[in-house]
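Below are the chains, spelled out letter by letter.
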Amino acid sequence: MYWVTHAAVGAVAGSYITAPLAGLAAGGASHAVLDMIPHHDYKSSAAGIVDFLLGAVVLAATAGDGPAWGRTWAVLGAIVPDFEVALSHFGVIDSEGLVFPTHSGLLPHANAPLPWGGLTQLGVLALAYLLLR
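Residues numbered from 1 in each chain as written. Predicted model: local features only at pLDDT ≥ 70, side-chain atom pairs only at ≥ 80, totals over all residues. Heavy atoms only, no water.

### Looking at helix α1 (residues 3–13)
Turning to step 1, where the next piece is worked out: Among the 11 residues that make up α1, 9 are buried, leaving the element largely enclosed by the rest of the structure.
Turning to step 2, where the next piece is worked out: By the burial criterion, the buried members of α1 are Trp3, Val4, Thr5, His6, Ala7, Ala8, Val9, Gly10 and Ala11. (Buried < 20%, exposed > 50% of the residue type's maximum accessible area, 1.4 Å probe, protein only. Helix = DSSP H or I, 4+ residues; strand = E, 2+ residues; numbered from the N terminus.)

Okay, here's the thing in structure tokens:
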């Protein structure tokens, strides 16, 4: 899934979590679950940069202390696994060396072509937005 989608769902997962480590774990778990839902993954670096910026906006919007601190860590837990994909895309690491379960093949990573894979993401983003309101 796109980074912004992972970030938004991480924010939902961490909405009621105050402990940073619990938020981090919830975000990581949400990443794995989302990767198993059929979705579109972009292939270009330009799309990745735009997605990164949108995800950074979600992270900044959820940053805080107190009750929001667990949510911030959940967003981080949700987006950090895709850093290995980005490093692989740029040739920094070998794609055979990915370790996150849905990236390494331990768990299924479901893909769907556009427009269906994009509509899946829009639906998840809309649901996350409604749950965060």
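Having seen the model, we can carry on.
### Brief notes about the environment of Ser15
Turning to step 1, where the next piece is worked out: Following the sequence through the fold, Ser15 ends up in the loop between α1 and α2 (20–35).
Turning to step 2, where the next piece is worked out: Residues Ser15 and Phe100, spaced 85 residues apart in sequence, show a C-alpha to C-alpha distance of 24 Å.
Turning to step 3, where the next piece is worked out: Not counting residues within four places of it along the chain, the set of residues in contact with Ser15 comprises Arg71 and Leu132.
Turning to step 4, where the next piece is worked out: In this structure the side chain of Ser15 is engaged in a polar contact, spanning 2.9 Å, whose partner is the backbone oxygen of Ala11. (Contact = heavy atoms within 4.5 Å. Polar contact = N/O pair within 3.5 Å; in protein donor to acceptor, adjacent residues only side chain to side chain.)

### Looking at the nonpolar core
Turning to step 1, where the next piece is worked out: In this structure, Tyr2, Trp3, Val4, Ala7, Ala11, Val58, Val75 and Ile79 together form the largest nonpolar core, which totals 8 residues.
Turning to step 2, where the next piece is worked out: Listed by contribution, the elements that provide at least two residues to this core are α1 and α4 (67–79).
Turning to step 3, where the next piece is worked out: Sort the elements by how many residues they give to this core and α1 lands first, with 4 residues.
Turning to step 4, where the next piece is worked out: Here Tyr2 is in contact with His40, Asp41, Tyr42, Asp51, Leu114 and Gln121, once residues within four sequence places are set aside. (Core = buried A, V, L, I, M, F, W, Y, C linked by side-chain atoms within 4.5 Å.)

### Overview of the confidence of the model for the chain
Turning to step 1, where the next piece is worked out: This prediction gives the chain a mean pLDDT of 90; 95% of its residues lie at or above 70.
Turning to step 2, where the next piece is worked out: The least confident element of the chain is helix α3 (residues 45–62), whose mean pLDDT is 84; the most confident is helix α6 (residues 101–104), at 96. (pLDDT = per-residue confidence, 0-100.)

### Details of the packing of aromatic side chains
Turning to step 1, where the next piece is worked out: Enumeration over the complete set of coordinates arrives at 3 aromatic pairs.
Turning to step 2, where the next piece is worked out: Relative to Phe52, the ring of Trp3 has its centre 4.7 Å away and its plane inclined at 20 degrees; by these criteria the two rings are stacked. Placement of Trp3 in helix α1 and of Phe52 in helix α3 is noted, with a sequence separation of 49 residues between them.
Turning to step 3, where the next piece is worked out: Taking the relative accessible area as the measure of exposure, Phe52 reaches 39% and is therefore partly exposed.
Turning to step 4, where the next piece is worked out: What links up through ring pairs into an aromatic cluster is the set Trp3, Phe52 and Phe83. (Phe/Tyr/Trp six-rings, centres within 6.5 Å; stacked < 30°, edge-to-face > 60°.)

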